[in-house]
Structures are given as C-alpha cells and as structure tokens.
Protein chains: 2
Amino acid sequence: MAAKQFVQDYEDQRRDELIKATYYEVAEKGYSAVTLQDIAKRAGVSKGSTLYYFATKEDLFLGALEWMVEQVHTRIVNTIATVEGPVEKMKAVIRTIFANAQDSRQFFLAYTDFISIGTRNKRFHDLNAKFYDGCCGHDREIIQAGIESGVFRNVDIEDASTMVRALVDGMMLQWFFSSQGTFDDYRRRCERIVLDYLTGGTVTENAETTA
Amino acid sequence: MAAKQFVQDYEDQRRDELIKATYYEVAEKGYSAVTLQDIAKRAGVSKGSTLYYFATKEDLFLGALEWMVEQVHTRIVNTIATVEGPVEKMKAVIRTIFANAQDSRQFFLAYTDFISIGTRNKRFHDLNAKFYDGCCGHDREIIQAGIESGVFRNVDIEDASTMVRALVDGMMLQWFFSSQGTFDDYRRRCERIVLDYLTGGTVTENAETTA
DNA sequence: AGTATAAATCTGACCGGTCGGTCAACAGAG
DNA sequence: CTCTGTTGACCGACCGGTCAGATTTATACT
C-alpha cells in the first residue's frame, strides 16, 4: 500500500511537471505554436511520455489551464484576506489579477488561444465559468459590502460587477496590445476608474503603496 | 489605356473578393484553422490564384484586416453623424461597435488570432493603432463635448476614454465567452454603465429605440 | 474579320517540412 | 522474470508555398 502510494505520488508529480511545462510553453508561444516536443523538452522527458500521461495535446493544455485558474484563485483569496474595507479589497483584487497577468507574461495570449481551439468545447466553457466565478466572483460580495457600509454609492450590483470584470479584461487587453505606458500605469488607472465608478468620485487618490 | 484600366479594375475586384473570402473564413474558423484551400474555395478560385494576388497567407490576412478596420470606421463615423448630443453620440458609438461584432460573428476571434501570429509584426501593430484611433478615437471628442456642455461630470478625459474602450472590449469578450444573456442585454448594460460613469448617474434610463 | 503571337491569368500536382499520435523495443525496480 | 514507465523512430495527414504548363485575353498583322 505504501509502495502503491509512492507510485501514485510519483505519477501525480510527473503530471504536475508536464502541466507546468505546458503552461509556461503556451504562455510564451501560444497554443498552436507549441509542439509536444517543446513541452517534453521543458519537462525533461521524451515526447512519448507526454502522451503516456495525457491522452492528447488538448488534454494537456486544458490541464495546464485548470492549474492556472486554481492558482489565480488562491492568490486572490489570500490577497483579499490581508486587507480591510471594500476599497482596499477591491484594489487588492485588481492588483492580483494584474500581477498574475504580468507574471505569466502572456497570460492572455494563452487565453485567446482557447478560442481558436473551439468555444464549443464543454470543458473549456466550464473552465471559463469557473475562472470568472472563482477568480472574479469575489468582487460581487466586496461591492455588496461596500454599498451596505455606505462607502460605495447605491449602484446596481450586477452592473458594477460586470463593470469591474469587463474593465479589467479590457485594460489588460489594451496593455497587451499597445505596449505604451508601463504596466503599473495601467493597473493604477484601472483601480482609479473602478473606484471612481463605485464611489462616484468621493474617494481621493490614496498614497500608492507600490509594492 | 481603357483596357489597362479595365485590367486594373478587374485585378482590384479579384483582390477584393479574396480579401472578403479571407475575412469571412477567418471570422468563422480562426486564422490558424483556415487554409489557403478554404479561402480559394470560398472565393471561387484555385489555391494557386490566392498566392498569385497575395504573397503569403499572412499578407492575405492582413489585407482582410485592413478591410474590416476601414469598414468599422466608416460605420462609426456615419452613425455618429445621425444623432445629436454627447449621450446619444456615445450610445451610437457603442451600438455600432457591438453591431459590428455581431455581424461578423467572431470578430474577436479573428482579432485574438493576430496575437498568435506575433505582436512583433509592425503592420499588425500599426493596424491595431489605426483601429483604436480611427474607430474608437471619436469617444474622446464626444466626452470632451459632454463635459463642456455640462452633461457629463468633470471626469479625467483620459480615464474616461480608456474606460469606454476597455469596457466595450471587455464586455464583448464576456459576451463572446459566456453566451448567457442576449447580445442586446450586453449592449444595453454596456451603454448604461458607460453613461452612469460619465454622468455620475444623473441620466435616467431612456426609452430604448431597439432598431 | 480572321489569324497569329504574345502576355496575362489561372491551375493543381508537387515539394519540403511540421506535427500529433503510435508503437515496438528498452530499462530498471521489485 | 515481470511489470511499470520511458523512449524516439516512424507514420499518416496536413499545409504553405512553388512552378511548369494550360487557358484565357489582349495585341499585332494581314
């Protein structure tokens, strides 16, 4: 039983390595451009092994995606917990999402590649829903708390939630494309716009704690 | 000379057909998934002909893109001219961009595929800039006019402009992915959020003229 | 007008190369 | 020896791009 457990752990670890390798390769080059060879090389195994652990390239890719979603989710939850109040919590969410995008370089590139694979893919759709609800779902309760405590104006919660998500997405897209203006410029502007919208302009610009 | 002119026109027309064929194919399947064969078939010519008029597949694709950008730009300019006042003009811009996305089905799909091709491509970057400045650049003057006339609150114009663009982008992305809620729902919500932001909530919901 | 000649246009078989996926053979732990 | 895990040569399919030759159109000449 102990041996069996060891094998299980070993296999899990291998899968993990392959998933991470896939993620980083795709983040750098995009789904179509990455070959199984690339993934195998980065993971330090042969091409044959990649398909020993995963059925297809797509399977490997979706695994990598799930891993990423999980990771971002965890980061957001942790970051929110470190600050107090709706304004700071909202800032924290935005900061985390932006930071993640910066870390994984071409986070969005990978994301946009899903589309090419086909939006009809059920697993992809579910993953997308999980991403939105899991990673961005926190904004709704933060907004709710903000309204109840009177910090945010009485805006429609569904509108506000949509606004935050769409704005973050859109601004990252712009940052990705335009490459004019620093990353921090975009993040700061994003925070400002969101809070401006939520408070109606009553929040004065805080001193930035640029970590 | 007349014959020469005819030949010129004929060639232009052929190029036009190929460009449109490319556009629709890519809009349906995405750049990578589309083959020269597909494009040729839709245009009613042979594969060889596509590369007789265009040097490479990428060239063909960028031509299609330019065509699209031009088209959207024209539509926006025309639509803005038909209405009066910052609020209505802003609505018109949003409506046109949304309508265009709906028309060409997977407008964004094509767009996201550029990224895979490589953001280092100069022509792509220029096109992107042209798209933003040409198609979305009108928002800045509309916002300016709105602030001056007192219809919009005194918000930072750069923030406001960024907000509108990012929100439209982001919401279209969400519409594209989630496929829950009708297209009109998204468009209407987008208009509401933008105007809510710009006016600070002083504009009451107008009766919709859903065309 | 009719014919010959030249030029423009078009075609699809073909080439070189790539990639996802297969599989027979191999390795090493138990 | 066996069984799990690993390998990389190999396969079939595909795709962008080429090109020699067919086809159509324009031009020159009688």
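Up top is the structure these notes are about.
Reference entry: report on the structure contained in this document. Starting from 1, residues in each chain are numbered consecutively following that chain's sequence as written. In the order they appear in the text, chains get letters beginning with A and ligands get numbers beginning with 1. Residue-level local features of this predicted model are given only where pLDDT is at least 70; pairs of side-chain atoms are given and counted only at 80 or more, and the full residue set underlies all totals for whole chains, interfaces and linings. Neither water nor hydrogens contribute to the side-chain values; these are computed over all heavy atoms in the structure.

Counting from the N terminus, the helices are DSSP H or I runs at least four residues long and the strands are E runs at least two residues long. Regarding its fold elements, chain A presents 10 helices and zero strands. Mapped in sequence order, the helices and strands of chain A form the string α-α-α-α-α-α-α-α-α-α. Within chain A, the proportion of its 211 residues that are buried is 50%. Note on definitions: a residue-residue contact is assigned when non-hydrogen atoms from the two residues lie within 4.5 Å. Of the contacts formed within chain A by residues at least 6 apart in sequence, a portion of 68% connects residues at least 24 apart. Surface exposure here means Shrake-Rupley accessible area, sampled with a 1.4 Å probe, where a residue is shielded only by the protein chains that are shown. Accessible area for chain A stands at about 9900 Å²; split by element, carbon and sulfur atoms hold 52% of it. Relative accessible area decides the class of each residue, using a 1.4 Å probe on protein chains only: under 20% of the type maximum gives buried, over 50% gives exposed, and in between gives partly exposed.

This part takes up helix α2 (residues 36-43) of chain A. All names here are of chain A. Taken as a whole, α2 has its buried residues at Leu36, Ile39, Ala40 and Ala43. The buried residues of α2 occupy an angular sector of 100° when projected down its axis, which confines them to one face. Downstream of α2 by one or two residues, Gly44 has phi in the positive range, about 75°. To be clear, the arc concerns the directions from the helix axis to the C-beta atoms.

By nearness alone, 17 residues border DNA strand C, and Lys47 and Lys57 of chain A together with Tyr10, Arg14 and Tyr53 of chain B come closest of all. Consider each residue's heavy atoms; a residue with any of them within 4 Å of a molecule or strand counts as near. Per the 4 Å cut-off to the protein, sugar and phosphate atoms form 61% of the nearby atoms of DNA strand C. At a separation of 2.8 Å, a phosphate oxygen of DNA strand C approaches a polar side-chain atom of Lys57 of chain A. In the model, a phosphate oxygen of DNA strand C is placed 2.5 Å from a nitrogen or oxygen of the Arg14 of chain B side chain. For the surface near DNA strand C, the secondary-structure elements that each account for two or more residues are α3 (47-53) of chain A together with α1 (2-29) and α3 (47-53) of chain B. Pairing of N or O atoms within 3.5 Å defines a polar contact, subject to two protein rules: one partner must be a possible hydrogen donor and the other a possible acceptor, and residues neighboring in sequence count only if both atoms are side-chain atoms.

Only one rule defines a salt bridge in this text: a Lys or Arg side-chain nitrogen within 4 Å of an Asp or Glu carboxyl oxygen. As enumerated under the stated definition, the model contains 28 salt bridges over all chains in all. Between Glu191 of chain B and Arg187 of chain B there is a salt bridge, with its nearest N and O atoms 3.1 Å apart. You can see Glu191 of chain B and its partner Arg187 of chain B sitting in helix α10 (residues 183-199), four residues apart, about one turn around the helix. The same class applies to Glu191 of chain B as to Arg187 of chain B, namely buried. In the salt-bridge network here, residues are joined through shared partners; they are Glu25, Glu28, Lys29, Asp38 and Arg42 of chain A.

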